[in-house]
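Below are the chains, spelled out letter by letter.
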Amino acid sequence: MKPVALAIHGGCGVMAKSDLREEEWEAARADLAASLRAGWAVLSKGGSALDAVEAAVVVMEDSPHFNAGYGAALNENAEHELDASIMNGADLDAGAVSAASRIRNPVKAARAVMEKSGAVLLTGAAADRFAERCGLEMVAPDYFTTQRRQDALAAMKEHAKAGTAAAASEAEKHGTVGAVALDADGHLAAATSTGGYNNKPEGRVGDSPIIGAGTYARDGVCAVSGTGQGEFFIRHVVGHEIASRIAYRGETLEMAANGVIREDLKSYGIGAGAVAVDGAGNVCAPYNTAGMFRGWTAGDGALYVASHDEVFCVETLEASA
Ligand code: ASP
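All of the points below concern the structure found in this document.

Reading the values: rules and limits
- Residues numbered from 1 in each chain as written.
- Predicted model: local features only at pLDDT ≥ 70, side-chain atom pairs only at ≥ 80, totals over all residues.
- Heavy atoms only, no water.
- Pairing = 2+ DSSP bridges.
- Helix = DSSP H or I, 4+ residues; strand = E, 2+ residues; numbered from the N terminus.
- Contact = heavy atoms within 4.5 Å.
- Axes fitted to C-alpha atoms, helices over the stretch in contact; angles between N-to-C directions.
- Near = heavy atom within 4 Å.
- Polar contact = N/O pair within 3.5 Å; in protein donor to acceptor, adjacent residues only side chain to side chain.
- Areas by Shrake-Rupley, 256 points an atom, 1.4 Å probe, with all protein chains shown as cover.
- Phe/Tyr/Trp six-rings, centres within 6.5 Å; stacked < 30°, edge-to-face > 60°.
- Buried < 20%, exposed > 50% of the residue type's maximum accessible area, 1.4 Å probe, protein only.
- Salt bridge = Lys/Arg side-chain N within 4 Å of Asp/Glu carboxyl O.

### Description of the sheet that holds strand E7 (residues 215-218)
In step 1: Read from one edge to the other, the open sheet built from four strands follows the order E7-E8-E9-E10, with strand pairing classed as antiparallel. Two strands bound the open sheet, and with one partner strand each, they are E7 and strand E10 (283-284).
In step 2: In this fold helix H9 (residues 253-264) packs onto strand E8 (222-228), strand E9 (272-278) and E10, with an angle of close to 160° to the strand it touches most, E9.

### Topic: the site of the ligand
In step 1: If you check the shell around the ligand, you find 13 residues, and the closest are His-174, Thr-176, Arg-204, Asp-207 and Gly-228.
In step 2: Take Thr-176: an N or O atom from its side chain is 2.5 Å from an oxygen atom of the ligand.
In step 3: For the ligand, an oxygen atom lies 2.7 Å from a polar atom in the side chain of Arg-204.
In step 4: Here the ligand loses 100% of its free accessible area of 270 Å² to cover by the protein chains.

### Side note on the packing of aromatic side chains
In step 1: Going through the model one piece at a time under the given rule, you end up with six aromatic pairs.
In step 2: Between Trp-25 and Phe-293, the aromatic rings sit 5.9 Å apart at their centres with planes inclined by 45°, giving tilted as the arrangement. Placement of the pair is Trp-25 in helix H1 (residues 22-43) and Phe-293 in the loop between E10 and strand E11 (294-298), with a sequence separation of 268 residues. We note that Trp-25, like Phe-293, is buried.

### Regarding the pattern of salt bridges
In step 1: Counted by the stated rule, this structure contains 14 salt bridges.
In step 2: Where Asp-62 meets Arg-104, a salt bridge forms, and the shortest distance between an N and an O atom there is 3.3 Å. Of this pair, Asp-62 sits in the loop between helix H2 (49-61) and strand E2 (82-88) while Arg-104 sits in the loop between strand E3 (93-100) and helix H3 (106-116), and the two are 42 residues apart along the sequence.
In step 3: The shortest N-O distance in the salt bridge between Asp-264 and Arg-245 comes to 3.4 Å. With Asp-264 in helix H9 and Arg-245 in helix H8 (residues 238-249), this residue pair connects regions lying 19 residues apart in the sequence.
In step 4: Classification of Asp-264 by relative accessible area gives partly exposed; the value is 25%.
In step 5: When its relative accessible area of 14% is taken as the criterion, Arg-245 is described as buried.

### Examining the side chain of Asn-75
In step 1: The residue Asn-75 is located in the loop between H2 and E2 in this model.
In step 2: We classify Asn-75 as buried; its relative accessible area is 0%.
In step 3: Among the polar contacts listed, one links the side chain of Asn-75 to the backbone nitrogen of Asn-77, at a separation of 2.9 Å.
In step 4: A polar contact of 3.3 Å, which involves the side chain of Asn-75, links it to the side chain of Glu-81.
In step 5: In contact with Asn-75, other than residues within four places in its own chain, are Glu-81, Leu-153, Asn-199, Lys-200 and Glu-202.

Structural data, given as structure tokens:
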């Protein structure tokens, strides 16, 4: 049986357990499970890793619990500027959008950029117009706004005034969603989507739409989607760095991903996490914060989700594709 695997994250901007009621944690985990099921529905029918990561990310973009699509962070002007990307490990084809504000599902636009534009990255109003021309669903920018993000923006502005931004909780600061997959044909893919971080400067572009930084996939090596302060992910070219450690140093997926997320980024004191899968179907989800919304299914047919240390098996699935 050929290995098939899928891992997702909903960002490492996870708050203290006491910040949410148990029903709210459960609701977020239910949306992680829905995302995994959407990706698995593709993979288990022999579909492509590319389709699986897109399907999984769309579900999290539509959920208010994560910082992407509906429920995305607001920038310093209380506006949304959304970033997303997707990469096909089979041929290194990739697409991305940055600073988009009207595309309901930015990951779909990233896919359209990859397949239809001849470019890798389209930005701002031009990205919105391109998505519209491709027939994607467009929304008014306030579709993305939730009370929680408005409160987080207000809190970040207070922190900025008081000079305590670094001490703000991870939840107030950031978040992202992403997915990585290995399909039955041995192809890897990765996708990432984010609102960036609360109170970010207008026009700021993070790592999520930067191929090699927040998103990377290369067949036979690994697929990676990251979460954490994007400036550091760009400087360390995190996705590509993890792949390089595997390809050139012969490290295992776990050694490479842990080495970059937990060691290389350690001295900056930033929240950081990632999900990754290799060509053999191994998955890992390292993070250095109190928690990371995450989920995975790999080989044993069971579907797992977690936010902190406790891991919930939400379903036993058909293991084979
Ligand atoms: N990586 C995202 C960015 O910098 C934010 C995050 O994942 O927390 O835009």
